[in-house]
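Structural overview for review
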Amino acid sequence: MKKEILSGNEAIARGAFEAGVKVASAYPGTPSTEILENIIHYRSINSSWAPNEKVALEVVIGASFGGARAVACMKHVGVNVAADPLFTLSYTGVGGGLLLVVADDPEMHSSQDEQDSRNYAKFVKVPMLEPADSFECKEFTRLAFELSEQFDTPVMLRSCTRISHGKSIVELGEPVTGLPEPKLVKNPAKLVMLPGNARVRHPLVEERVVNLGRHGDSWEINREEYRSADIGIICAGVTYQYVREALPEASTLKLGMVYPLPKGKIQEFAAKVKRLFVVEELDPFIEEQVKAMGIAVTGKEIISLCGELSPGRIRKAFSDAGIICIPENNPLQTEAIPMRPPNMCPGCPHRGLFYELSRLGAYVTGDIGCYTLGFMPPLNAMDTCVCMGASISNASGIVRALPPEEQRRVVAVIGDSTFLHTGLNSLMEMAWNQSPATVVILDNRITAMTGRQENPASGFTLSGEVAPEVKIPDLCKALGIRHVQIVDPYDLDATFKVLKQEMDRSEPSVVITNRPCCLIKGDGRFKADDVLFVDQDSCTGCRACLRIGCPAIEWQPAPDGKKGKAYIDPLLCTGCTVCQQLCKFDAIGRLK
Amino acid sequence: MSITNILLVGVGGQGILLASEILAEAFMLAGFDVKKSEIHGMSQRGGSVVSHVRFGEKVFSPVVPEGEGDILFGFELLETYRYLPLMKADAKVIANDFRIYPPAVLLGQQTYPDGLVEKMRTIVPDLLLVDGLKLANEAGNPRAANTVLLGAVSGKLDIKEAIWQSAIEKMVPKKALDVNLKAFRIGRSL
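Residues numbered from 1 in each chain as written. Chains lettered and ligands numbered in written order. Predicted model: local features only at pLDDT ≥ 70, side-chain atom pairs only at ≥ 80, totals over all residues. Heavy atoms only, no water.

**Points about the overall build of chain B**
Filter applied, for reference: Only DSSP runs of H or I covering at least 4 residues are called helices, and only runs of E covering at least 2 are called strands; the numbering of each starts at the N terminus. Based on C-alpha atoms, the radius of gyration is set beside the globule rule, defined as 2.2 Å times the residue count to the power 0.38. Whether a residue is buried, partly exposed or exposed follows from its accessible area with a 1.4 Å probe, protein chains only, as a fraction of its type maximum: under 20%, in between, or over 50%, in that order. In what follows, residue pairs with any heavy atoms lying within 4.5 Å of each other are defined as contacts. We count Lys and Arg on the positive side and Asp and Glu on the negative side, and we leave His and both chain ends out. A charged residue contributes its charge at one atom only: NZ of Lys, CZ of Arg, CG of Asp or CD of Glu.
For chain B, the count of helices and strands is 8 helices and 6 strands. Each helix (α) and strand (β) of chain B, taken in turn from the N terminus, gives the series β-α-β-β-β-α-β-α-α-β-α-α-α-α. In summary, chain B has a C-alpha radius of gyration of 16 Å against a globular reference of 16 Å for 190 residues, a match within 12%. Taken over the C-alpha atoms alone, chain B extends approximately 50 × 40 × 35 Å along its principal axes. Relative to its full complement of 190 residues, chain B shows a buried share of 59%. Look at the contacts in chain B between residues 6 or more apart in sequence, and 64% of them connect residues 24 or more apart. In chain B, the 21 positive side-chain charges and the 21 negative ones have mean positions that sit 4 Å from each other.

**Description of the overall build of chain A**
Under the convention used in this document: Note that accessible areas follow from Shrake-Rupley with a 1.4 Å probe, and for residues the cover is restricted to the protein chains shown.
The helix and strand tally for chain A stands at 20 helices and 23 strands. For 592 residues, the compact-globule formula gives about 25 Å, and the C-alpha radius of gyration of chain A, at 27 Å, lands near that figure. Of all 592 residues assigned to chain A, the portion counted as buried reaches 59%. Look at the contacts in chain A between residues 6 or more apart in sequence, and 74% of them connect residues 24 or more apart. In the structure as shown, chain A presents an accessible area of about 23800 Å², 54% of it carried by carbon and sulfur atoms. Each charge class in chain A was averaged separately, 63 positive and 71 negative side chains, and the resulting centres sit 2 Å apart.

**Examining the packing of aromatic side chains**
Definition in use: Put simply, two rings from Phe, Tyr or Trp (the six-membered ring, in Trp's case) pair if the centres are within 6.5 Å, and we call them stacked under 30 degrees between planes, edge-to-face over 60, tilted for the rest. Remark: a charge is flagged as sitting over a ring if the NZ atom of Lys or the CZ atom of Arg is within 6 Å of the ring centre and within 35 degrees of the ring normal.
One pass over the full model with this rule turns up 11 aromatic pairs over all chains. Aromatic pair Phe73 of chain B and Phe75 of chain B: ring centres 4.9 Å apart, planes at 25 degrees, arrangement stacked. Look at Phe75 of chain B and you get buried, because its relative accessible area is 2%. Taken together through their ring pairs, the aromatic side chains of Phe27, Phe32, Phe55, Trp164 and Phe184 of chain B make up a single cluster. Between Lys254 of chain A and the ring centre of Tyr240 of chain A, over which it is positioned, the NZ or CZ distance is 5.6 Å.

**Side note on the pattern of salt bridges**
Pairs can form between side chains of opposite charge whenever their charged atoms are close. All names here are of chain A. Heads up, the condition is: Any carboxyl oxygen of Asp or Glu that lies within 4 Å of a side-chain nitrogen of Lys or Arg is treated as forming a salt bridge with it.
Taken as a whole and judged by the stated rule, the model has 54 salt bridges over all chains. Residue Arg313 pairs with Glu107 through a salt bridge whose shortest N-O separation is 3.1 Å. With a gap of 206 residues between them, Arg313 in helix α13 (residues 311-320) and Glu107 in the loop between β5 (98-104) and α5 (118-124) connect regions that are remote in the sequence. Residue classification places Glu107 among the partly exposed positions, given a relative accessible area of 31%. In this structure, the salt-bridge partner of Lys291 is Glu301, at a minimum N-O distance of 3.3 Å. Taken together, the positions of Lys291 in helix α12 (residues 285-292) and Glu301 in the loop between α12 and α13 put the pair 10 residues apart, joining distant regions of the chain. Taking the relative accessible area as the measure of exposure, Lys291 reaches 35% and is therefore partly exposed.

**Things to note about helix α4 (residues 116-123) of chain B**
Residue and element names in this part refer to chain B. Selection rule: To obtain the arc, one takes the directions from the helix axis to the C-beta atoms.
Among the residues of α4, those classed as buried are Leu116, Val117, Met120 and Ile123. Buried residues of α4 fall within an arc of 120 degrees about the axis and therefore sit on the same side. Structural note: α4 exposes Glu118 and Thr122 on the side pointing more than 90 degrees away from its buried face. For α4, the secondary structure elements touched by its buried residues are α2 (77-82), β5 (87-96) and β6 (127-130).

**A few points about the domain arrangement of chain A**
Residues and elements named next belong to chain A. What counts, and what does not: Source of the domain bounds: an automatic or database domain assignment. Throughout, the accessible surface (probe 1.4 Å) given up by two parts as they are put together, summed over both, is called the buried area.
According to the domain assignment, chain A contains domain 1 (3-218), domain 2 (223-320), domain 3 (350-513) and domain 4 (528-590). On a C-alpha basis, the centres of domain 1 and domain 2 stand 25 Å from each other. Each partner contributes residues to the interface: domain 1 has 32 residues there, and domain 2 has 30 residues. Taken together, both faces of the contact between domain 1 and domain 2 bury some 2400 Å²; the carbon and sulfur share is 55%. On the surface where domain 1 and domain 2 come into contact, there are 5 salt bridges. Put simply, Glu308 and Arg162 hold a salt bridge, and the shortest N to O gap is 2.9 Å.

**What to know about the packing of helix α15 (residues 390-400) of chain A against helix α17 (residues 416-432) of chain A**
Residues and elements named next belong to chain A. We apply this condition: Axis definition: a line fitted to C-alpha atoms, over the contacting stretch in the case of helices. Angles run 0 to 180 degrees between N-to-C directions. Under this scheme an angle from 65 to 115 degrees is roughly perpendicular, one under 35 degrees roughly parallel, and one over 145 degrees roughly antiparallel; angles in between are oblique. In this classification, the charged set is Asp, Glu, Lys and Arg, the nonpolar set is Ala, Val, Leu, Ile, Met, Phe, Trp, Tyr, Cys and Pro, and all remaining amino acids, among them Gly, are polar.
It is the contact of α15 with α17, at a shortest axis distance of 7 Å, that shows an interaxial angle of 25 degrees. One element, α15, and the other, α17, form an angle in the roughly parallel class. Contacts from Ile392, Ser393, Ala395, Ser396 and Arg400 of α15 reach α17 at Phe419, Gly423, Ser426, Leu427, Glu429 and Met430. Here the residues of the contact of α15 with α17 sort into 5 nonpolar, 4 polar and 2 charged.

**Here's the deal with the UniProt feature "binding site: [4Fe-4S] cluster 2" (unreviewed entry) in chain A**
All names here are of chain A. Quick reminder of the rule: UniProt positions are given in the numbering used here, feature names are shortened, and annotations may be inferred rather than shown by experiment.
Following the UniProt record, one finds the feature "binding site: [4Fe-4S] cluster 2" (unreviewed entry) at Cys550, Cys573, Cys576 and Cys579. On the basis of their most widely separated C-alpha atoms, the annotated residues across 30 residues gather in one place, lying no more than 10.6 Å apart. Discounting residues that sit within four places of it in the chain, Cys573 has contacts with Val531, Leu532, Ala552 and Ile568. Along the polypeptide, Cys576 turns up in the loop between β22 (565-568) and α20 (578-582). The class of Cys576 is buried, set by a relative accessible area of 14%. Excluding anything up to four places from it in sequence, Cys576 contacts Gly347 and Tyr490.

**Regarding the UniProt feature "binding site: [4Fe-4S] cluster 1" (unreviewed entry) in chain A**
Residues and elements named next belong to chain A. Spelled out, the test is: Using a grid of 1 Å spacing that covers the protein atoms alone, one calls a set of points a cavity when a 1.4 Å probe fits there but cannot get out, and a pocket when the set is open and has protein on both sides within 12 Å along at least five of seven lines; lining residues are those with an atom within 4 Å of a point.
Those residues carrying the UniProt feature "binding site: [4Fe-4S] cluster 1" (unreviewed entry) are Cys539, Cys542, Cys545 and Cys583 in this numbering. Taking the farthest pair of C-alpha atoms as the criterion, the annotated set spanning 45 residues converges on one region, since that pair is 10.4 Å apart. Lining of the largest cavity among the annotated residues: Cys539, Cys542, Cys545 and Cys583. Classification of Cys542 by relative accessible area gives partly exposed; the value is 40%. Structurally, the position occupied by Cys583 is in the loop between α20 and β23 (588-590). Taking the relative accessible area as the measure of exposure, Cys583 reaches 16% and is therefore buried.

**Considerations on the interface of chain A and chain B**
Let me state the cut-off plainly: Polar contacts, as counted here, are pairs of nitrogen or oxygen atoms within 3.5 Å of one another; within protein the pair requires one atom able to donate a hydrogen and one able to accept it, and residues that are adjacent in sequence qualify only if both atoms are side-chain atoms. Paired strands, as defined in this entry, are two strands with at least two bridges between them according to DSSP.
Listed as interface residues are 53 residues of chain A and, on the opposing side, 57 residues of chain B. In this assembly, chain A packs against chain B so that about 4600 Å² is buried in total across both faces, 60% of it on carbon and sulfur atoms. Summed over the three residues of chain A that lose the most area to chain B, namely Leu332, Pro338 and Arg340 of chain A, the buried surface amounts to 19% of that side. For Glu79 of chain B, the salt bridge is made with Arg340 of chain A, and the minimal N-O distance between the two is 2.5 Å. Summed over the shared surface of chain A and chain B, the number is 17 residue pairs in polar contact (both at pLDDT 80 or more). The set of elements that each furnish at least two residues to the side of chain A that touches chain B consists of β1 (3-7), α7 (161-164), β8 (167-171), α10 (237-246), α13 and β21 (553-556) of chain A. In terms of residue count, α10 of chain A provides more of the side of chain A that touches chain B than any other element does, 6 residues in total. Class assignment of the residues belonging to the side of chain A that touches chain B gives a composition of 24 nonpolar, 16 polar and 13 charged. Across 2 bridges, β8 of chain A lies against strand β2 (residues 33-38) of chain B in antiparallel orientation. Bridged to Ser168 of chain A within β2 of chain B is Lys35 of chain B.

Right, dumping it as structure tokens:
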């Protein structure tokens, strides 16, 4: 058997291929993005980006209704967007097997909240599998499709950052054969969820949960590993790996299906050990259900509700609770050093825009994307950030509560991909109700934050095929915005003038910035400029150029008590000229 | 058999991901179980990056438990220093003699600490300082500094050169292969 080191996301993609999946759809979101970026390499699967997660799931539901195995992938917050069809999908059940992969982000490495998606499985009443490494990512993906068809249910597969982006060894298999060919089958009693039909379906959903729980009792995906009677730990996913590392002597009940729980298996395991624990990341999801079974168990009394677990955190929790004794771990002592937070790239087209917004004293309702980094010093140009699309509707709402002079300061900032994801609805609302805020759409021609994925406005599909481009200015006008202006965010004066003019206007308006992401300039689609340099004789050390926080500009202190000077790193500079426009002394020139 | 814990640290964009992929591949080819973990996303924007690579007969956690790091593979001096508390006191450190200023230093609000190498030596005596950029230029491409360092790290591990070569051949694009193999050998001879 061929062995490869795969990430969890690569292994899920491989599992989808081996399971005979025909359609895959997703909206990019860290840490789930690479699943679809790897599925696209399997040409037997029709895979594409969707404008948002709700649409992705609905595309996949359609494929499943047509009899094909299909998969949708998203990050945890994406499930909130997809929740509407998801709940009803639980009632309709599936045609071909349907898998929803959701990647959680405990510790919020790149997310705005830390929600535990296992709650959705219980809420929606569908089974959820949770792999513990890349090997299981591939196996569980295949098993999910079998389970989906056997029980006529969508199946959720939960990953987390450490599983999705962690790598381990996987044995590759061959794709299944002999799956039924997709075709149209009319079955309105099952697929038209009007109340009369849905009432018939609901008892079937409840019965399915019971049957799935019984199935879990005998399913080898839920695995008891008996080592000693002293400590028994129920765990799943990456937490199982941490537990094995932290407490190698403990007995474990490793759950592969975390909803519904295999209650018979849990009772058996509980009877064999003196003390029972649940170790799980985030919510007491398993713990509360085990307690409801009347079984004495310790969980969140000792394990944190917040953040990612690790072998060290688990060992410390058990040690602090006096359950185990570990030698004191004295970490090597170091001194405090400067932090290194992420920053917008050199040449990022958002920088000039945020600089001018900051100068205008704007109150900026922000959104999800690279530009969220505009909140950081020295730009300090973002005041809110809630979820995809919220910038525009937040602005629309806040102006309704403010006196006119305050209203003028409100500017919503949103990226092209986020605008098309859910900002569109919000702008429709703003135009419809004539909220006098200004919206800036930062059109950098790509979904930059997650690593440059195409979107409906970029002109290309996931597979790189040329596609029709959504014309964002026309779209805004069609929604009822009368004032739509396009500016070059590298031109500071022009950006300032347009922003000021639109902020002063007492009706809704849209400003669109038109510079592509500097990271796609390198792929040949756009030309890069010659880099800039600081003439050390002309530089007066006024630090004006530092106010934009460009990583290519460095402050060089002078050792002899004189004023320091700015320096531009030619390896980082993209030649965007924003710093040059800030220099009153013409000290910045272009290197040819 | 025990597990060997390696941490690769530096700044987003320095090629840490590729170096850790080559390491993991080599360990698999040598017959070990291997796990690897790092955080993508925000860290691509010039943030601090750490990649964990663990190998042995059987590896459970994809992350190195705090204080159990055996080898610290640092691409940038400040970042090498930052992650020392994750290491054992007798850890081996291979550090690139290279500085990238964090935002507050670029803005002149903070200073890049002096004497980092000396500070590190007092905490972990087994430190190999490598001028990655200079040696990569000798190999023919300044961007091969990560491979020079990888070669230096390989010298601390009991795995045959042929296995390293296979791993590099698999992970590095063909047109950059010769330079990278040369860079690797320069690093390995240190």
